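# Inside the fold
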Amino acid sequence: MDAQQARRVQAVLRQLNIPGVVAPEDPNNPAVAWRVYNRTDHATRCDVTADALAALAATFPDEEPAPGPKRGFVIPTNGEKGTEIPPDDGAGD
């Protein structure tokens with residue numbers, strides 16, 4: 001990630017109370033890749049990017065698949081007469 005992406009990641013981590021400091025791999029060169037660290041001190045910090053990503057992923061439940069078409073009366077938006085969708089008999093199409 002670059003510096004702009006790092007600012008967004010840091011903001012999300014803060015909003016979700018996920019610990020971590022987003023900083024460049026080389027503190028003297030912000031043009032290099034950025035990572036998530038456990039502290040700001042370059043000499044003693046540890047890369048915790050994987051842990052931060054796992055915590056972020058755990059914050060949001062897996063998305064449910066989109067539901068299929070609902071059965072019942074359909075009211076079209078184009079002014080035509082509505083149609084009845086028959087109930088699903090489970091046999092498939």
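Above this text is the structure in question.
Described below are features of the structure shown in this document. These numbers were taken from a predicted model, which means no experiment stands behind them. (Residues numbered from 1 in each chain as written. Predicted model: local features only at pLDDT ≥ 70, side-chain atom pairs only at ≥ 80, totals over all residues. Heavy atoms only, no water.)

### Considerations on the overall build of the protein chain
Quick reminder of the rule: To qualify as a helix, a DSSP run of H or I must reach at least 4 residues; to qualify as a strand, a run of E must reach at least 2; elements of each kind are numbered from the N terminus. Here's how the labels work: a residue is buried when its accessible area is under 20% of the maximum for its type, exposed when over 50%, partly exposed in between, all with a 1.4 Å probe on protein chains only. By definition, residues are in contact when any of their heavy atoms lie within 4.5 Å. For the accessible areas, the method is Shrake-Rupley and the probe is 1.4 Å, while residue cover comes only from the protein chains on display.
From N to C terminus, the protein chain includes 2 helices and 4 strands. Listing each helix as α and each strand as β along the protein chain from the N terminus yields α-β-β-α-β-β. Counting across all 93 residues of the protein chain, residues that qualify as buried make up 18%. Across the protein chain, the fraction of contacts at a sequence separation of at least 24, relative to all contacts at a separation of at least 6, is 19%. Carbon together with sulfur atoms contributes 54% to the accessible area of the protein chain, which is approximately 7,500 Å² in total.

### Some details on the side chain of T49
Here is the rule we go by: N or O atoms closer than or at 3.5 Å make up a polar contact, with two conditions inside protein: a donor-capable atom paired with an acceptor-capable one, and, for residues adjacent in sequence, both atoms drawn from side chains.
Turning to its location among the elements, T49 is positioned in helix 2 (residues 49-59). At a separation of 2.8 Å, a polar atom in the side chain of T49 contacts the main-chain amide nitrogen of V36. Among all residues touching T49, those that are not within four sequence positions of it are R35 and V36.

So yeah, pure geometry; function would need other evidence.
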